[in-house]
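Examining the three-dimensional arrangement
As a plain string of letters, each chain reads:
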Amino acid sequence: MKNDIENREDIYLLVKTFYVKLLNDDLMRHFFIDFTNPEHLEIHLQTLVDFWDNILFYSGGYRKNAMAPHLKLHQEKPFKKEHFKSWLSMFSESVDELFQGENAHAAKSRAQSIATVMEIKISELNNE
Ligand code: HEM
């Protein structure tokens, strides 16, 4: 039986596993090309650990606006429906491969709702 996501080490393992998938995926790789540099990847993974630690365990360690860099990035590399679908399915797959339990479930459902808000904000930008 798998354990639940309990701490920052678990979150690190999750985001690292997830990013290996994103970087190996033909549809998604172009967004993440900067993270083929291992130093850039490590810094980014630490930001993602802070983000998820805050969402799952209310650590207060992430105080930025996570939406903003995506809206900016979309201007150069458009985010389409299939990108959201793949992002979410690879995220859920990564969670399910490694963990099970309440926090694992919460991570998947929060990812889904944040992605939905992101998709709506992006579609509003497109209609301006
Ligand atoms: C199609 C879907 C997505 C793509 C292609 C994508 C891509 C990226 C990229 C390229 C960055 C780095 C941006 C930069 O450093 O300037 C980033 C940052 C980030 N992403 Fe996403 N993302 C997606 C969806 C999401 C979702 C749904 C979430 C949350 C559940 C999320 C959470 C984050 C966070 C927390 C950061 C760090 C922002 C910061 O530097 O403070 N992403 N994303």
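About the thresholds
Residues numbered from 1 in each chain as written. Predicted model: local features only at pLDDT ≥ 70, side-chain atom pairs only at ≥ 80, totals over all residues. Heavy atoms only, no water. Helix = DSSP H or I, 4+ residues; strand = E, 2+ residues; numbered from the N terminus. Buried < 20%, exposed > 50% of the residue type's maximum accessible area, 1.4 Å probe, protein only. Contact = heavy atoms within 4.5 Å. Areas by Shrake-Rupley, 256 points an atom, 1.4 Å probe, with all protein chains shown as cover. Salt bridge = Lys/Arg side-chain N within 4 Å of Asp/Glu carboxyl O. Near = heavy atom within 4 Å. Polar contact = N/O pair within 3.5 Å; in protein donor to acceptor, adjacent residues only side chain to side chain. 1 Å grid on protein atoms, 1.4 Å probe; cavity = no way out; pocket = protein on both sides within 12 Å on 5 of 7 lines; lining within 4 Å. Sits in = over half its atoms within 2 Å of the grid points. Nonpolar A, V, L, I, M, F, W, Y, C, P; charged D, E, K, R; others polar. Donors = N, O, S within 2.8 Å, 3.2 Å for Na, K, Ca; no water.

Looking at an unreviewed UniProt entry, one finds the protein chain named Group III truncated hemoglobin and attributed to Gramella jeungdoensis.

Here we look at the overall build of the protein chain
Of the regular secondary structure elements, the protein chain holds five helices and zero strands. Starting at the N terminus, the α and β elements of the protein chain follow one another as α-α-α-α-α. Judged by the C-alpha coordinates and their principal axes, the protein chain covers about 45 × 30 × 25 Å. Burial analysis of the protein chain (128 residues in total) assigns 36% to the buried set. Contacts in the protein chain between residues at least 24 apart in sequence constitute 76% of all its contacts with a sequence separation of at least 6. Element-wise, carbon and sulfur atoms account for 53% of the exposed surface of the protein chain, whose accessible area totals about 7,800 Å².

What to know about unusual backbone geometry
Not every positive phi belongs to a glycine, and tyrosine 58 is a case in point at roughly 50°. Relative to the helices and strands, tyrosine 58 resides in the loop between helix H2 (38-57) and helix H3 (67-76).

Examining the pattern of salt bridges
For the coordinates displayed, the defined rule picks out eight salt bridges. Between aspartate 53 and arginine 8 there is a salt bridge, with its nearest N and O atoms 3.1 Å apart. Of this pair, aspartate 53 sits in helix H2 while arginine 8 sits in helix H1 (residues 8-23), and the two are 45 residues apart along the sequence. For aspartate 53, a relative accessible area of 8% translates into the label buried. In this structure, glutamate 93 engages lysine 21 in a salt bridge whose closest nitrogen and oxygen atoms are separated by 3.8 Å. One end of the pair, glutamate 93, is in helix H4 (residues 81-98); the other, lysine 21, is in helix H1, and 72 residues separate them in sequence. On the basis of relative accessible area, lysine 21 is assigned to the buried category, the value being 19%. Here the salt bridges do not stand alone but share partners, grouping Arg8, Asp50 and Asp53 into one network.

Focus on the site of the ligand
Near the ligand there are 22 residues, and of these Phe31, Tyr62, Lys64, His70 and Trp87 occur at the shortest range. Within the side chain of tyrosine 62, one N or O atom sits 2.5 Å away from an oxygen atom of the ligand. Between a nitrogen atom of the ligand and a side-chain N or O atom of histidine 70, the distance comes to 2.8 Å. The site holding the ligand turns out to be the largest pocket. When residues in the shell around the ligand are grouped by element, the largest group, five residues, is from H2. Taken together, the residues that form the shell around the ligand break down as 17 nonpolar, four polar and one charged.

Quick word on the coordination of the iron atom of the ligand
Looking at the protein side alone, the iron atom of the ligand has one donor only, His70 (NE2), at 2.0 Å. Looking at where histidine 70 falls in the secondary structure, it is placed in helix H3.

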